[in-house]
Amino acid sequence: MIPIAFDYTLAESADHAIALLGEFGDEAKLLAGGHSLVPMMKYRLAAPAQLVDVGRLDDLRYIRQENGHIAIGALTRHHELENSEVLETNAPLLKHVASLVGDPSVRHRGTLGGTMAHADPASDLPAAIMALGGTLVAQGPNGTREIAVEDFFTGYFESVLADDEMLTEIRVPVSTGAWNYQKFNRRAQDWAIVGVAVAEGGKGVSLVNMGNTPIRAGNVEAALAGGATAADAAALAANDLTPPEDLNADAVYRSHLARELTQRALEAAR
Ligand code: FAD
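Residues numbered from 1 in each chain as written. Predicted model: local features only at pLDDT ≥ 70, side-chain atom pairs only at ≥ 80, totals over all residues. Heavy atoms only, no water.

1. Thoughts on the sheet that holds strand β12 (residues 194–199)
Here is step 1 of the chain: Judged by pairing direction, the sheet is antiparallel, and its four strands sit side by side in the order β11-β12-β13-β14 without closing on themselves. For this open sheet the edge positions go to β11 (180–184) and β14 (215–216), each flanked by a neighbour on one side alone.
Here is step 2 of the chain: Relative to β12, β11 is paired through five bridges, and the arrangement is antiparallel. Bridge pairing links tyrosine 181 to alanine 197 in β12.
Here is step 3 of the chain: The strands touched by helix α5 (residues 92–99) are β11 and β12; relative to β11, the strand with the most contacts, the crossing angle is about 20 degrees. (Pairing = 2+ DSSP bridges. Helix = DSSP H or I, 4+ residues; strand = E, 2+ residues; numbered from the N terminus. Contact = heavy atoms within 4.5 Å. Axes fitted to C-alpha atoms, helices over the stretch in contact; angles between N-to-C directions.)

2. Structural notes on the packing of α5 against helix α8 (residues 124–131)
Here is step 1 of the chain: Close contact between α5 and α8 brings their axes to 9 Å; oriented N to C, the two are set at 170 degrees. On the basis of their axis angle, the class for α5 and α8 is roughly antiparallel. Only Asp124, Leu125, Ala128, Ile129 and Ala131 of α8 make contact with α5, whose side of the interface consists of Leu93, Leu94, Val97 and Ala98. (Parallel < 35°, antiparallel > 145°, perpendicular 65-115°, else oblique.)

3. Observations concerning the packing of aromatic side chains
Here is step 1 of the chain: Using the criterion set out here, one finds three aromatic pairs in the structure.
Here is step 2 of the chain: Here the aromatic rings of phenylalanine 152 and phenylalanine 153 are separated by 5.0 Å at their centres, their planes lie at 85 degrees, and the arrangement is edge-to-face.
Here is step 3 of the chain: Taking the relative accessible area as the measure of exposure, phenylalanine 152 reaches 0% and is therefore buried.
Here is step 4 of the chain: Measuring from centroid to centroid gives 6.4 Å for phenylalanine 184 and tyrosine 253, while their planes differ by 90 degrees, and the two rings are edge-to-face. Pair noted here: phenylalanine 184 is in strand β11 and tyrosine 253 is in helix α12 (residues 251–268), with a separation of 69 residues, a long-range link.
Here is step 5 of the chain: The class for phenylalanine 184 is partly exposed, based on a relative accessible area of 25%.
Here is step 6 of the chain: For arginine 64, the ring lying beneath its charged end belongs to tyrosine 62, and the centroid distance is 3.8 Å. (Phe/Tyr/Trp six-rings, centres within 6.5 Å; stacked < 30°, edge-to-face > 60°. Buried < 20%, exposed > 50% of the residue type's maximum accessible area, 1.4 Å probe, protein only. Lys NZ or Arg CZ within 6 Å of the ring centre and 35° of its normal.)

4. With respect to the site of the ligand
Here is step 1 of the chain: Within the structure, the ligand sits among 28 residues, and Leu30, Ser36, Leu37, Thr111 and Asp124 are positioned closest to it.
Here is step 2 of the chain: With respect to the ligand, the backbone of leucine 30 contributes an N or O atom lying 2.5 Å from an oxygen atom.
Here is step 3 of the chain: A distance of 2.7 Å is found between an oxygen atom of the ligand and a backbone nitrogen or oxygen belonging to glycine 34.
Here is step 4 of the chain: Coverage of the ligand by the protein amounts to 89% of the 960 Å² it exposes when considered alone.
Here is step 5 of the chain: Class assignment for the residues of the shell around the ligand results in 12 nonpolar, 12 polar and four charged. (Near = heavy atom within 4 Å. Polar contact = N/O pair within 3.5 Å; in protein donor to acceptor, adjacent residues only side chain to side chain. Areas by Shrake-Rupley, 256 points an atom, 1.4 Å probe, with all protein chains shown as cover. Nonpolar A, V, L, I, M, F, W, Y, C, P; charged D, E, K, R; others polar.)

5. Let's talk about the pattern of salt bridges
Here is step 1 of the chain: Summed over the entire model, instances satisfying the criterion amount to 14 salt bridges.
Here is step 2 of the chain: Measuring nitrogen to oxygen at the nearest pair gives 2.7 Å for the salt bridge that ties arginine 145 to glutamate 165. Taken together, the residues span a long stretch of sequence, with arginine 145 in strand β7 (residues 143–148) and glutamate 165 in the loop between β9 (158–159) and β10 (166–173) at a distance of 20 residues.
Here is step 3 of the chain: Classification of glutamate 165 by relative accessible area gives buried; the value is 11%.
Here is step 4 of the chain: Arginine 216 serves as the salt-bridge partner of glutamate 221, at 2.6 Å between the closest nitrogen and oxygen. (Salt bridge = Lys/Arg side-chain N within 4 Å of Asp/Glu carboxyl O.)

6. What about the environment of leucine 167?
Here is step 1 of the chain: Looking at where leucine 167 falls in the secondary structure, it is placed in strand β10.
Here is step 2 of the chain: Residue class for leucine 167 comes out buried when judged on its relative accessible area of 6%.
Here is step 3 of the chain: On a C-alpha basis, the gap between leucine 167 and threonine 89 in space is 25 Å, while along the polypeptide they are 78 residues apart.
Here is step 4 of the chain: Beyond its immediate stretch of four places on either side in the chain, leucine 167 contacts Ala74, Gly113, Met116, Ala117, Leu136, Val137, Ala138, Phe152 and Leu161.

7. A word on the pairing of β7
Looking along a regular strand, one sees side chains alternate from face to face of the sheet.
Here is step 1 of the chain: For strand β6 (residues 135–140) and β7, the ladder comprises six bridges, and the chain directions are antiparallel. Counterpart to alanine 138 in the pairing with β7 is arginine 145.
Here is step 2 of the chain: Following β6, the chain reverses through two residues before pairing antiparallel with β7.

8. A few points about the pairing of strand β2 (residues 28–31)
Here is step 1 of the chain: Here four bridges tie β2 to strand β3 (residues 50–53), and the two strands are oriented parallel to one another. The residue of β3 that forms the bridge with lysine 29 is leucine 51.

9. Considerations on helix α10 (residues 218–225)
Here is step 1 of the chain: Every buried residue of α10 is accounted for by Val220, Glu221, Ala223 and Leu224. Here the buried residues of α10 occupy an arc of 165 degrees about the axis, which is enough to place them on one side.
Here is step 2 of the chain: Following α10 by one or two positions, glycine 227 has its phi on the positive side, about 100 degrees. (Arc of directions from axis to C-beta.)

What follows is the structure in structure tokens.
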């Protein structure tokens, strides 16, 4: 389908983009890699009257080590994460997960800020950022604020970002402990039917596509901290969750996958 008509402005800076968001309010949408927003516009699930293109703000494309954490500019593309030497040394989970997103063309356009803001519970990178205990930096008309990733997602495709705020940076602690990511899909380039990210040998565990948001498996983490085996901790992974149901999997199958993949990830990361 063809999107409904919209106006387009190329932002010259983050400040310019935020000023435009303030001017157009909820009529406007930021355009980063366009790999989630444009399909939604084509299906007419999104119909912004004004697109604000931030995709050329190259000063927000960086991966660097700063005071014990890794700072990643929001416009950094998935393939830059996948090929980053900084991440290989300091947060290899994130580098690996980026390599499993879609196919090369998706990874060359999609951005980390875009995938976080899009807040799709089936996305891979938000769960990795969650397992790592990341923080998001949002800039609005009155300055910046930091948001812990666990407080960021509020529902299906929803986050705490205000209409006039833009993600500018994502931060993760340096994490060199044992890690693993299990992505279950039918074809290599597909979205996860269920995914599980494990950081620091199980101190951070998060689930993909097991609810309306990426989910921190706090019960699994607590059981491991209390001395449970990987199998016993993983048996808790789907407790109290309401997984989505679709043509790929019903809730019972997704719950089984969450337990099985969590056990595999924990055993690989210990
Ligand atoms: P856009 O599409 O440009 O924007 C998405 C949303 O975020 C919009 O609402 C936009 O306004 C908002 N936004 C963008 N940047 C910012 C910002 N800095 N601050 C605030 N709001 C912002 N993802 C996976 O995780 N796993 C997969 O396997 C996978 N497979 C895919 C396969 C295909 C064929 C396609 C098309 C996409 C796939 N994706 C997958 C999604 C891909 O990772 C997208 O790139 C990502 O979800 C969105 O990033 P983007 O930069 O393209 O955002």
